[in-house]
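Single-letter residue listing:
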Amino acid sequence: MSETLINKNQIADGGGGIPSRYTVVNYIESDGKAILNTKIKPDSTVVIQAKFVYSHYSGGTFIGGQTENRENGLRFFVSSTRTFLDYGSEGNRILTEDAVRSTSATYEYELGNRYIKDLSNDTTIVSASAVSFNQLNFDIKVFSEGDYGKLLQLKIYKDGNLVRDYVPVLDTTENIYGMYDMVTQNFYPSITDVDFTGGN
């Protein structure tokens, strides 16, 4: 993977395979009540590339999720001064104090099998030995009640294949912000009764 995420300006409004009812914006934003569900269940081949601002954290989940019993999960989150990536379970956790250092900065990271990579300069921030696990029974989500901010772009790979390629848009017909997936050609608004905000 390790490719730089596409610049928003490379996609013309209503172009690049995006229907004309959608206007490309720079980001969508959540206050913790709006949540994106990617409808992708993680396994040990999943790689996530995200461009984001992590404006509020509480040790919950910014990207990922957990099984109901919380024994297994794929979670990217910040608690105190440390950034965590649980890849499959807490037993497969890696952590660093060198990833998310500001609640206003824009980060462009790749989250893979027990590593976090900075795509802006192609450097690995933290890594450990890879693990293997079967598909987990939950969908990868972005944002939670205590962990939220802005999402500028999101790509998900599974078994080496690009399965989600999200661009932030405004649905001008419904006046709703969300992410448009270039792979499935579907629009993904918030799954809650609270909408995303967005802008440029």
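Scroll up to find the structure.
Here is a short report on the structure shown in this document. (Residues numbered from 1 in each chain as written. Predicted model: local features only at pLDDT ≥ 70, side-chain atom pairs only at ≥ 80, totals over all residues. Heavy atoms only, no water.)

As for the layout of surface pockets
Then, in step 1: In this structure, the largest pocket spans a volume of roughly 280 Å³.
Then, in step 2: Around the largest pocket, the lining comprises 15 residues; the ones closest to its centre are Thr 61, Gly 64, Gly 65, Gln 66 and Arg 75.
Then, in step 3: It is strand β5 (residues 63-66) that contributes the most residues to the lining of the largest pocket, 3 residues altogether. (1 Å grid on protein atoms, 1.4 Å probe; cavity = no way out; pocket = protein on both sides within 12 Å on 5 of 7 lines; lining within 4 Å. Points joined across faces, edges and corners; volume = space filled by probe spheres on them. Helix = DSSP H or I, 4+ residues; strand = E, 2+ residues; numbered from the N terminus.)

So, the pairing of strand β4 (residues 47-56)
Regular strands show a simple pattern: their side chains alternate between the two faces of the sheet.
Then, in step 1: Judged by how many residues are buried, β4 sits mostly within the fold: 7 of 10 residues are covered.
Then, in step 2: Note that β4 and strand β13 (residues 148-158) share 9 bridges and pair antiparallel. From the neighbouring strand, Val 53 faces β13, where its bridge partner is Lys 150. (Buried < 20%, exposed > 50% of the residue type's maximum accessible area, 1.4 Å probe, protein only. Pairing = 2+ DSSP bridges.)

Notes on the side chain of Thr 61
Then, in step 1: Along the chain, the position of Thr 61 falls in the loop between β4 and β5.
Then, in step 2: With relative accessibility at 14%, the residue Thr 61 sits in the buried group.
Then, in step 3: At 3.0 Å, the side chain of Thr 61 forms a polar contact with the side chain of Arg 75. (Polar contact = N/O pair within 3.5 Å; in protein donor to acceptor, adjacent residues only side chain to side chain.)

Observations concerning the packing of aromatic side chains
Then, in step 1: Per the stated rule, a full pass over the model turns up 15 aromatic pairs.
Then, in step 2: Where Tyr 54 meets Phe 62, the ring centres are 4.1 Å apart and the plane angle is 20°; that geometry is what we call stacked. An identical accessibility class is assigned to Tyr 54 and Phe 62; each is buried.
Then, in step 3: Relative to Tyr 188, the ring of Tyr 166 has its centre 5.1 Å away and its plane inclined at 85°; by these criteria the two rings are edge-to-face. Note that Tyr 166 is positioned in strand β14 (residues 161-171) and Tyr 188 in strand β16 (residues 186-188), a separation of 22 residues in sequence. We note that Tyr 166, like Tyr 188, is buried.
Then, in step 4: Taken together, the ring pairs in this structure connect Phe 52, Tyr 54, Tyr 57, Phe 62, Phe 76, Tyr 107, Tyr 109, Phe 143 and Phe 196 into an aromatic cluster. (Phe/Tyr/Trp six-rings, centres within 6.5 Å; stacked < 30°, edge-to-face > 60°.)

As for the nonpolar core
Then, in step 1: In terms of nonpolar packing, the biggest core is built from 41 residues, with Ile 48, Phe 52, Ile 63, Phe 76, Leu 151 and Leu 154 touching the most fellow members.
Then, in step 2: Secondary structure elements with two or more residues in this core: β4, β6 (73-79), β7 (82-88), β9 (107-112), β13 and β14.
Then, in step 3: Residues within four places of Leu 151 in sequence aside, it is in contact with Asn 26, Tyr 27, Ile 28, Leu 36, Lys 51, Phe 52, Val 142, Phe 143, Pro 168 and Met 179. (Core = buried A, V, L, I, M, F, W, Y, C linked by side-chain atoms within 4.5 Å. Contact = heavy atoms within 4.5 Å.)

Remarks on the pairing of β6
Then, in step 1: For β6, the tally of buried residues reaches 6 of 7 residues, placing the bulk of the element in the interior.
Then, in step 2: By the bridge criterion, 4 bridges tie β5 to β6 in an arrangement that is antiparallel. Its bridge partner lying in β6, Gly 65 is registered against Leu 74.
Then, in step 3: Count of turn residues in the β5/β6 antiparallel hairpin: 6 residues, of which Arg 70 carries a positive phi of about 65°.
Then, in step 4: Of the strand pairs in this sheet, β6 and β7 are connected by 7 bridges, and their pairing is antiparallel. Bridge pairing in β7 links Arg 75 to Asp 86.
Then, in step 5: Counting the residues between successive antiparallel strands, the hairpin from β6 to β7 contains 2 residues, one of them, Ser 80, with a positive phi of roughly 60°.

Shape is all these values report; function is a separate question.
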